[in-house]
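# Architecture at a glance
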Amino acid sequence: MVALATALLSTSPVARAQDSGTSTTPDAATTTLDTVSVLGSRTKPRTVSSSAVPIDIISGEEFRNQGATDALDQLKVLVPSFNVSTIPIDDAASLVRPANLRGLPPDNTLLLVNGKRFHRSAVITFLGHGLSDGAQGPDLSVFPSLALEQVDVLRDGAAAQYGSDAIAGVLNFSLKKLREGGTAEVFAGQYYEGDGLTTQYSAQIGLPLTEHGFATLTAEWRNADDTSRSVQRDDAAAAAAAGYPGVKDPAQIWGSPKVDDDLKLVANLGYDTENVEFYLFGNYAKREVDGGFYYRDPTARSGVYSNDGGQTLLVGNLTGVGACPTIALRDGAGNLLPYGTVSGAVAALPANCFTFLSSLPGGFTPRFGGKLEDASVFAGAKGTWGEWYWDVSGSWGRNDIEFTIYNTVNASLGPDQPAGLLFRPGGNTQTEKNLNVDVSRDIPVSFSSQPLRLAMGAEWREESFRISPGDGPSTAIGPLTEQGFALGSNGFNGFSTRTAGTFDRRNWAAYADLEAQLTERLLLAGALRYEDYDSFGSTTTGKLTARFDFNEHFALRGAYNTGFRAPTPGQANISQISTVFGGTALEDIATLPPTNPIAQLKGAQPLTPEESRNVSLGAVWTEGDWLVTLDGYQIKVEDRIALSTSFAVTPEERAALVAGGNAEAASISQVTYFGNAFDTTTTGVDLVTSFKSNDFGGVTTYSLAANWNRTKVDRYDTDFIDEARVYKLEKSLPRTKGYFSINHQRQIFHANLRFNYYSSWYEDHLDSGVISAEDGGLPIYGGSALIVDAEVGWKFDSGLYVSVGAQNLFDRVPASNPWGGVAGAQYPVHSPYGFNGGFYYTRVGWKF
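Residues numbered from 1 in each chain as written. Predicted model: local features only at pLDDT ≥ 70, side-chain atom pairs only at ≥ 80, totals over all residues. Heavy atoms only, no water.

## Quick word on the overall build of the protein
- Check the secondary structure of the protein and you find 14 helices and 36 strands.
- Compactness check: the protein gives a C-alpha radius of gyration of 28 Å against a globular reference of 29 Å for 848 residues, within 12% of the reference.
- C-alpha extents for the protein along the principal axes are approximately 95 × 60 × 55 Å.
- For the protein, the proportion of its 848 residues judged to be buried stands at 60%.
- For the protein, restricting intrachain contacts to residue pairs at least 6 apart in sequence, the fraction spanning at least 24 positions comes to 72%.
- Surface accessibility of the protein: about 30700 Å² in total, with carbon and sulfur atoms responsible for 57%.
- Charge centroids of the protein, computed over 65 positive and 93 negative side chains, lie 3 Å from each other. (Helix = DSSP H or I, 4+ residues; strand = E, 2+ residues; numbered from the N terminus. Rg over C-alpha atoms; globule rule 2.2 N^0.38 Å. Buried < 20%, exposed > 50% of the residue type's maximum accessible area, 1.4 Å probe, protein only. Contact = heavy atoms within 4.5 Å. Areas by Shrake-Rupley, 256 points an atom, 1.4 Å probe, with all protein chains shown as cover. Lys, Arg positive; Asp, Glu negative; His and termini not counted. Charge placed at Lys NZ, Arg CZ, Asp CG, Glu CD.)

Printed below as a string of structure tokens:
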């Protein structure tokens with residue numbers, strides 16, 4: 001169940017202090033909130049060293065004291081098994097970036113807020129570099145870091161406790177609870193290259209709700225300029241050399257998208273009576289994102305400029321009366337003809353003949369983005385009833401995205417284009433509702449001084465995915481469609497009214513959780529969960545956990561659990577046409593629901609849940625100011641849900657689709673769909689160590705954390721994914737990632753120094769789908785890297801604080817992209833540490 005620890009709130013004074021809403025002293029906050037977590041257990045809060053499963057506990061201050069302003073990037077450098085990369089051109093995934101815990105997809109990690117399940121994003125990742133293809137995970141970036149008291153990361157499977165999605169682990173964002181005081185802060189930073197200027201304003205205030213409650217309100221507003229790490233494309237350079245006017249240099253931008261008006265609001269309220277605590281919290285966030293897209297070559301782009309590989313110009317007859325002449329683009333040797341020669345022939349065309357070379361002679365590069373809006377509200381009450389502790393809650397969450405694409409055309413409309421070449425292709429909305437009832441109690445037993453701790457509960461959840469139709473121009477099937485001109489907004493077709501709609505699913509669950517401290521040294525715990533879905537039936541998962549303390553310094557811990565992840569309504573029903581780079585040229589690919597007849601013709605079957613088995617074994621050693629934890633794990637996932645490889649659509653199949661009422665299929669060349677078609681085994685080791693000493697005239701903490709992770713594809717359907725996709729699944733992430741940090745605190749001064757290590761990694765550039773360069777692939781083998789972050793700051797008695805620092809202090813970027821001329825990327829675009837280089841920043845605030 002997603003309600004965390006109803007019993008623990010009474011059994012632990014520390015937990016009661018955390019949850020009461022009363023203000024605590026700074027010292028108390030340091031000794032409790034930064035060191036204990038209720039994640040993964042329904043007994044008393046645990047520290048990192050006393051937990052029976054591996055947990056990272058990150059204080060809100062540590063989370064914020066770095067140059068990153070996005071929660072994804074903040075987690076990336078603090079949790080070694082957490083990977084995030086910049087995805088500059090990838091439809092909606094460039095708006096909500098996918099993140100991977102322990103080498104598994106984003107939707108294999110569950111996000112909780114104050115222990116309650118948070119809704120997933122409306123964005124489905126269609127091009128996730130193999131690993132994240134087809135994933136629909138949560139959007140972690142909607143929370144301002146100032147609102148967070150601490151972040152807990154459970155690095156262990158927990159579906160038996162929290163339900164679907166918790167295969168890789170669980171993230172829990174704990175919100176601050178203040179009755180008084182507050183903070184105001186300004187942040188500014190920029191990349192060494194002089195772009196990507198980021199400004200952020202944050203504010204927080206704590207208010208009393210009578211003598212027994214609190215209200216903590218947090219707001220954040222951010223703007224981030226885009227970046228460019230681009231070189232000129234070979235085809236654009238060739239067009240410019242041939243005299244084609246208006247070819248930009250670079251013609252295509254690779255970089256971080258522009259983020260405007262990124263507003264985040266969080267409210268956390270609580271009110272205590274003698275036996276009942278009422279709580280209410282939620283968030284609202286919105287932002288606009290504008291990013292780059294692929295360049296449309298005026299001498300080759302199919303469906304717009306040419307349909308025979310760039311030999312002749314695509315010319316449309318607007319009236320159907322009279323013939324339009326053929327205009328050559330290349331000579332007999334395959335060389336581009338000078339623009340003067342081609343433009344002369346274009347100028348001589350009859351009035352009824354049309355070509356985009358007249359209005360867009362230099363080609364064009366669409367810009368893609370959207371407006372994102374996220375909102376949630378959680379309300380409930382918890383308290384005691386005799387020997388029982390109870391928690392009843394309800395929640396509602398929604399993530400909405402409205403797509404925008406401009407500087408593009410609907411080629412099938414010919415000269416009749418919308419004003420400003422702006423299209424609104426529609427959008428997606430994810431909505432979730434949850435109701436939870438949780439009860440627990442302590443049961444005294446004769447064989448132990450510690451009671452048995454029993455927890456039980458039930459949950460009802462409704463999840464819906466809405467596809468909103470696009471505007472007329474984005475979906476129009478214009479008069480030139482039958483003459484080979486591509487229909488719909490080029491780059492991202494609008495959602496048609498035929499495929500738009502709302503698709504929902506309901507499920508209910510019941511669970512039981514029992515924990516026993518059998519002896520002073522041996523802890524055993526078990527959880528069992530039954531879940532029933534109206535779309536595909538029921539599933540039962542379980543978990544066993546044990547910990548044995550040999551003495552006060554050394555302990556072994558381990559767990560075995562089964563898990564599952566239910567296919568989302570979005571994955572089961574999405575229908576979308578996108579433009580992707582097909583190795584050497586752009587192609588229109590349709591993603592179809594598994595129930596679609598053409599998808600079934602290509603082998604699609606109804607989606608079933610992913611199932612997992614997770615085993616972990618670890619050791620904990622503490623001695624004075626030393627802490628060392630070492631945990632190994634193996635995660636087997638069967639029937640993983642992902643996007644298939646693309647299948648070619650024959651002219652006969654295309655004609656049958658159109659005849660069957662799928663008019664938008666007229667320009668489709670490839671189709672793909674979601675399916676369960678491969679199994680994987682992920683094996684890894686986590687090492688976390690820390691040591692605190694009185695060095696350099698103050699308190700200095702040394703921390704070392706590292707993760708080694710390997711994924712192996714055990715089985716795959718060769719008709720669903722190919723060898724290149726398997727290679728990406730196994731090789732794209734660095735095998736080893738870790739950091740060594742030094743944190744020094746002396747009176748008002750602090751200094752942080754962090755060394756981040758990334759081992760070698762692999763990129764299939766532009767998703768070419770071929771491993772070998774000799775066979776036409778675009779493989780990149782990135783080397784290992786050491787990235788250094790540094791920060792110094794001062795906190796004055798008046799409440800004023802100042803920090804200055806740099807992420808990637810020495811401006812480390814990947815080696816230049818050997819295939820840069822193909823699509824204009826200066827560096828590999830899936831580098832695990834990014835490609836923007838060094839970023840310097842300053843933060844000034846006042847805590848009152």
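Following the structure, the description resumes.
## A short note on the side chain of N434
- When you line up the elements, N434 lands in strand 17 (residues 422-443).
- Residues within four places of N434 in sequence aside, it is in contact with R117, S393, G394, S395, E459, W460 and R461.

## Focus on empty space enclosed by the protein
- Within the structure shown, the criterion is met by 15 cavities of 30 Å³ or more.
- What the largest cavity holds in volume is close to 840 Å³.
- Lining the largest cavity are 45 residues, with D73, T86, R97, Y191 and S256 sitting closest to its centre.
- Those elements that place two or more of their residues in the lining of the largest cavity are helix 5 (71-78), strand 10 (213-224), strand 11 (258-272), strand 12 (276-291), strand 31 (749-758) and strand 34 (785-795).
- Sorting elements by how many residues they give to the lining of the largest cavity places helix 5 first, with four residues.
- In the lining of the largest cavity, the residues fall into 17 nonpolar, 17 polar and eleven charged. (1 Å grid on protein atoms, 1.4 Å probe; cavity = no way out; pocket = protein on both sides within 12 Å on 5 of 7 lines; lining within 4 Å. Points joined across faces, edges and corners; volume = space filled by probe spheres on them. Nonpolar A, V, L, I, M, F, W, Y, C, P; charged D, E, K, R; others polar.)

## Looking at the sheet that holds strand 7 (residues 169-175)
- An order of 1-6-7-4-5 is seen for the five strands of this open sheet, with the pairing classed as mixed. Edge positions in the sheet fall to strand 1 (55-59) and strand 5 (116-117), since each of these pairs with one other strand and no more.
- Note: strand 4 (residues 109-113) against strand 5, two bridges, orientation antiparallel. Its bridge partner being in strand 5, V113 is matched across the sheet by K116. (Pairing = 2+ DSSP bridges.)

## Focus on the pairing of strand 6 (residues 148-154)
- Of all seven residues making up strand 6, seven are buried, and the element is well covered by its neighbours.
- Where strand 1 meets strand 6, five bridges bridge the pair, whose relative direction is antiparallel. Of the residues in strand 6, the one forming a bridge with I55 is L154.
- With six bridges connecting them, strand 6 and strand 7 associate as antiparallel partners. Pairing of V151 across the sheet is with F173, part of strand 7.

## Focus on the packing of aromatic side chains
- In total, this model carries 33 aromatic pairs according to the counting rule given.
- Aromatic pair W846 and F848: ring centres 4.9 Å apart, planes at 35°, arrangement tilted.
- For W846, a relative accessible area of 44% gives the class partly exposed.
- Judged by relative accessible area, F848 falls into the partly exposed class, the value being 44%.
- Following the ring pairs from residue to residue traces out a cluster consisting of F293, F368, F403, F492 and F495.
- For the cation-ring pair, R102 lies above Y633, with the distance from its terminal atom to the ring centre recorded as 3.6 Å.
- The ring of W388 carries the charged tip of R441 above its face, separated from the ring centre by 5.4 Å. (Phe/Tyr/Trp six-rings, centres within 6.5 Å; stacked < 30°, edge-to-face > 60°. Lys NZ or Arg CZ within 6 Å of the ring centre and 35° of its normal.)

## Here's the deal with the confidence of the model for the protein
- Summarising the model, the protein shows a mean pLDDT of 89, and 93% of its residues fall at 70 or more.
- Taken together, the stretch residues 1-34 has pLDDT below 50 and engages in 85 contacts with residues farther than four places along the chain or on a different chain. (pLDDT = per-residue confidence, 0-100.)

## A look at the pattern of salt bridges
- Applying the stated criterion across every chain yields a total of 49 salt bridges.
- In this structure, R461 and E459 form a salt bridge, with 3.4 Å as the shortest nitrogen-oxygen distance. Like R461, the residue E459 is buried in the burial classification.
- Between R506 and E462 there is a salt bridge, and its shortest N-O distance comes to 2.8 Å. (Salt bridge = Lys/Arg side-chain N within 4 Å of Asp/Glu carboxyl O.)

## Some details on unusual backbone geometry
- In the segment running from D249 into P250, the intervening peptide bond is cis, with an omega of 0°.
- Positionally, P250 belongs in the loop between helix 7 (234-241) and strand 11.
- For T210, which is not glycine, the phi torsion reads 55° and is therefore positive.
- Looking at where T210 falls in the secondary structure, it is placed in the loop between strand 9 (198-209) and strand 10.
- The exposure class of T210 is exposed, given its relative accessible area of 53%.

## Re the nonpolar core
- The biggest cluster of nonpolar side chains holds 36 residues, and the ones touching the most others in it are F63, L75, F82, L140, V151 and F173.
- Element by element, the count of residues in this core is highest for helix 5, at five residues.
- Counting residues in each nonpolar core, the second largest holds 34 residues, with A122, F126, I405 and V829 among its members. (Core = buried A, V, L, I, M, F, W, Y, C linked by side-chain atoms within 4.5 Å.)

## Description of helix 8 (residues 339-347)
- When helix 8 is considered as a whole, its buried residues turn out to be Y339, V342 and V346. Across the axial projection of helix 8, the buried residues extend over an arc of 70°, all falling on one side. Facing away from the buried side of helix 8 by over 90 degrees, the exposed positions are G340 and A347. (Arc of directions from axis to C-beta.)

## Considering the pairing of strand 4
- With five of five residues buried, strand 4 is to be regarded as a mostly interior element.
- Of the two faces of strand 4, the one holding T109, L111 and V113 and the one holding L110 and L112 are both buried throughout.
- The turn linking strand 4 back onto strand 5 is made up of two residues, and N114 within it adopts a positive phi angle of 50°.

## Examining helix 5
- Of all eight residues that make up helix 5, eight are buried, and the element is covered over most of its length.
- Put simply, D70 is the residue that caps the front of helix 5, since its side-chain oxygen is 2.8 Å from the backbone nitrogen of L72. (Polar contact = N/O pair within 3.5 Å; in protein donor to acceptor, adjacent residues only side chain to side chain.)

## A few points about a nonpolar patch on the surface
- Taken together, the side chains of I205, L207, L217, I748, W794, F796, L800, V804, V844, W846 and F848 present a nonpolar region at the surface, about 870 Å² in accessible area.
- Looking at the nonpolar patch, the elements with two or more residues in it are strand 9, strand 35 (800-807) and strand 36 (839-847).
- The residue L207 is located in strand 9 in this model.
- Assessed through its relative accessible area of 35%, L207 is described here as partly exposed. (Patch = residues over 30% accessible without salt bridge, like charges linked within 9 Å, V, L, I, M, F, W, Y side chains within 5 Å.)

## A look at the environment of N223
- Its location among the elements puts N223 in strand 10.
- Along the backbone, N223 and T199 are 24 residues apart, and their C-alpha atoms lie at a distance of 5.5 Å.
- Apart from residues lying up to four places away in sequence, N223 is in contact with L197, T198, T199, V259, D260, D261 and D262.
- Among the polar contacts made by the side chain of N223, one reaches the main-chain amide nitrogen of D261 at a distance of 2.7 Å.

## Describing the environment of N114
- Inspection of the secondary structure assignment puts N114 in the loop between strand 4 and strand 5.
- Given a relative accessible area of 24%, N114 falls into the partly exposed group.
- Setting aside chain neighbours within four positions, we find N114 in contact with N172, F173, S174, L175, N268 and F281.
- At a separation of 2.9 Å, a polar atom in the side chain of N114 contacts the main-chain amide nitrogen of L175.

## With respect to the environment of L733
- By the secondary structure assignment, L733 is in the loop between helix 13 (723-731) and strand 30 (736-746).
- For L733, a relative accessible area of 24% gives the class partly exposed.
- Sequence separation of L733 and R565 is 168 residues, and the distance between their C-alpha atoms is 22 Å.
- With near-sequence residues (within four places) excluded, L733 lies in contact with N83, N100, G103, L131, S760 and W761.

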